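Listed here are the chains, written in short residue letters.
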Amino acid sequence: MAIAQSQSKMVSIKGGSYIPLYGRDSLKVTIDDFQMDVYPVTNKEFLEFVKKKPKWQRSIIKKLFADDNYLASWDSDTILGKNKALKAPITNVSWFVANDYCECQGKRLPTIDEWEYVAMSNESMADARTLETYNKYILSWYEKPKTFNNEIGSTFKNYWGVYDLHGLVWEWTIDFNSVLVSGESRKDVDNDSNLFCGSAAIGATDLMNYAAFMRYAIRGSVKAKYALKNLGFRCVKDIKD
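About the cut-offs
Residues numbered from 1 in each chain as written. Predicted model: local features only at pLDDT ≥ 70, side-chain atom pairs only at ≥ 80, totals over all residues. Heavy atoms only, no water. Helix = DSSP H or I, 4+ residues; strand = E, 2+ residues; numbered from the N terminus. Polar contact = N/O pair within 3.5 Å; in protein donor to acceptor, adjacent residues only side chain to side chain. Contact = heavy atoms within 4.5 Å. Disulfide = S-S within 2.5 Å. Buried < 20%, exposed > 50% of the residue type's maximum accessible area, 1.4 Å probe, protein only. Pairing = 2+ DSSP bridges. Axes fitted to C-alpha atoms, helices over the stretch in contact; angles between N-to-C directions. Salt bridge = Lys/Arg side-chain N within 4 Å of Asp/Glu carboxyl O. Parallel < 35°, antiparallel > 145°, perpendicular 65-115°, else oblique. Nonpolar A, V, L, I, M, F, W, Y, C, P; charged D, E, K, R; others polar. Phe/Tyr/Trp six-rings, centres within 6.5 Å; stacked < 30°, edge-to-face > 60°. Core = buried A, V, L, I, M, F, W, Y, C linked by side-chain atoms within 4.5 Å.

Asks: Kindly report on the side chain of N158, identifying the contributing residues and their values.
Replies: Note that N158 resides in the loop between α4 (132–142) and β5 (170–171). Engagement of the side chain of N158 in a polar contact is seen with the backbone oxygen of V118, the distance being 3.2 Å. Within polar-contact distance, the side chain of N158 engages the side chain of S121 at 3.0 Å. Setting aside residues up to four positions removed in sequence, N158 forms contacts with V118, S121, N122, E123 and L165.

Here it is in structure tokens:
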């Protein structure tokens with residue numbers, strides 16, 4: 001049953017086919033139409049959520065579902081830290097809690113392919129991955145400290161009308177640990193350590209796209225209970241026929 005709370009604005013994403021970073025030239029992934037939150041979930045929205053679902057409060061949550069970094073910067077179970085802006089993206093949350101948050105709104109976390117499909121656009125192109133300026137922008141963000149303290153909407157509005165996929169925080173996906181780096185099947189998952197070395201480049205469509213390699217690397221290195229200070233999330237929703 002959905003929890004009544006502030007609902008994030010969503011936009012419709014027109015599905016299609018694309019070749020992911022990890023894919024071979026012959027391997028296209030088809031994305032169905034869906035809706036995506038325009039912005040990542042904010043501190044304000046998440047605070048409302050944990051007030052309504054106390055089991056996810058910092059002092060109560062079971063260690064199985066979150067490590068010691070969970071909401072570490074909050075002053076208490078229901079009080080944000082002094083330096084946490086209400087409109088900044090929520091971070092330090094585990095996959096378990098992010099997944100439940102979306103489900104409680106009648107939504108879900110995006111798949112890796114859905115997230116990458118939307119995130120490969122710039123302001124005017126659905127697929128800007130071949131542009132040097134696009135990749136330079138993303139890589140420059142990775143070098144900036146504490147962007148997770150910036151408010152939502154502080155980055156560009158992309159082709160689909162979505163903000164902050166690059167430039168604010170990393171984001172959870174529902175299948176974050178199903179990363180392919182080699183092999184014939186999309187379901188093949190190589191050793192996590194390989195994501196941080198040259199073997200991660202095997203089968204990639206663009207060997208120069210280091211920005212995307214970094215995203216796949218972090219996805220392969222985290223566990224569902226991890227709560228990182230620069231890892232947040234947003235929700236998506238299926239479009240029913």
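Asks: Give a detailed account of the state of the cysteines, specifying residues and quantitative values.
Replies: Enumeration over the complete set of coordinates arrives at 1 disulfide. Disulfide pairing places C102 opposite C235 at an S-S distance of 2.3 Å. Disulfide C102-C235: the torsion about the S-S bond is -85°, which places it as left-handed. Taken as a pair, C102 in helix α2 (residues 95–104) and C235 in the loop between β6 (231–232) and β7 (236–238) lie far apart in primary sequence, 133 residues in all. Look at C235 and you get buried, because its relative accessible area is 0%. The cysteine C104 is free of any disulfide, with C102 supplying the nearest cysteine sulfur at 9.4 Å. Overall, the relative accessible area of 7% leaves C104 in the buried class.

Asks: Tell me about the sheet that holds strand β1 (residues 10–13), and name the residues and values.
Replies: Spatially, 3 strands are ordered β1-β4-β7 in an open sheet, and the strand pairing comes out antiparallel. Each edge of the sheet is formed by a strand with only one pairing partner; in this case those strands are β1 and β7. When the angles between neighbouring strand axes are averaged without regard to direction, this sheet yields 25°. In the sheet, strand β4 (residues 34–37) pairs with β7 via 3 bridges, with the strands oriented antiparallel.

Asks: Run through the pattern of salt bridges, naming residues and quoting values.
Replies: Scanning the entire structure with this criterion turns up 13 salt bridges. For the salt bridge of K63 with D68, the shortest nitrogen-to-oxygen distance reads 3.1 Å. Within this structure, R108, E114 and D238 form a network of salt bridges that share partners.

Asks: Which residues make up the packing of helix α1 (residues 43–52) against α2, and what are the values?
Replies: Direction vectors running N to C along α1 and α2 enclose 85°, while the axes themselves pass 11 Å from each other. Between α1 and α2, the crossing angle belongs to the class labelled roughly perpendicular. Every residue of α2 that contacts α1 at E45, F46 and F49 is listed here: V97, D100, Y101 and C104. Looking at the contact of α1 with α2 residue by residue, the class counts come to 5 nonpolar, no polar and 2 charged.

Asks: Break down the packing of aromatic side chains for me, with residues and values.
Replies: This structure, assessed with the given rule, holds 17 aromatic pairs. Geometrically, the ring pair formed by Y39 and Y163 is stacked, given 5.3 Å between the ring centres and 25° between the ring planes. Pair noted here: Y39 is in the loop between β4 and α1 and Y163 is in the loop between α4 and β5, with a separation of 124 residues, a long-range link. A relative accessible area of 27% means that Y39 is categorised as partly exposed. Consider the rings of Y101 and F233, whose centres lie 5.3 Å apart with planes at 75°: the pair is edge-to-face. Separated by 132 residues along the polypeptide, Y101 in helix α2 and F233 in the loop between β6 and β7 bring together distant segments of the chain. Residue classification places Y101 among the buried positions, given a relative accessible area of 0%.

Asks: I'd love a proper account of the nonpolar core, names of residues and values included.
Replies: Counting 55 residues, the largest nonpolar core has I13, F46, Y70, V118, W172 and F233 as the members making the most contacts within it. Elements with a contribution of two residues or more to this core: β1, β3 (29–31), β4, α1, α2, α3 (112–119), α4 and α5 (210–221). Broken down by element, this core gets its largest block of residues, 6 residues, from α2. The residues contacting F233, other than those within four sequence positions of it, are P40, V41, F46, I90, V93, A98, Y101, C102, L109, E171 and W172. Counting residues in each nonpolar core, the second largest holds 5 residues, with I112, A212, F213 and Y216 among its members.

Asks: I'd like a rundown of unusual backbone geometry, residues and numbers included.
Replies: At N92, a residue that is not glycine, the phi angle is positive and equals roughly 55°. Checked against the element boundaries, N92 lands in the loop between α1 and α2. For D164, which is not a glycine, the phi torsion comes out positive at approximately 70°. In this structure, D164 sits in the loop between α4 and β5.

Nothing here speaks to function; it is geometry throughout.
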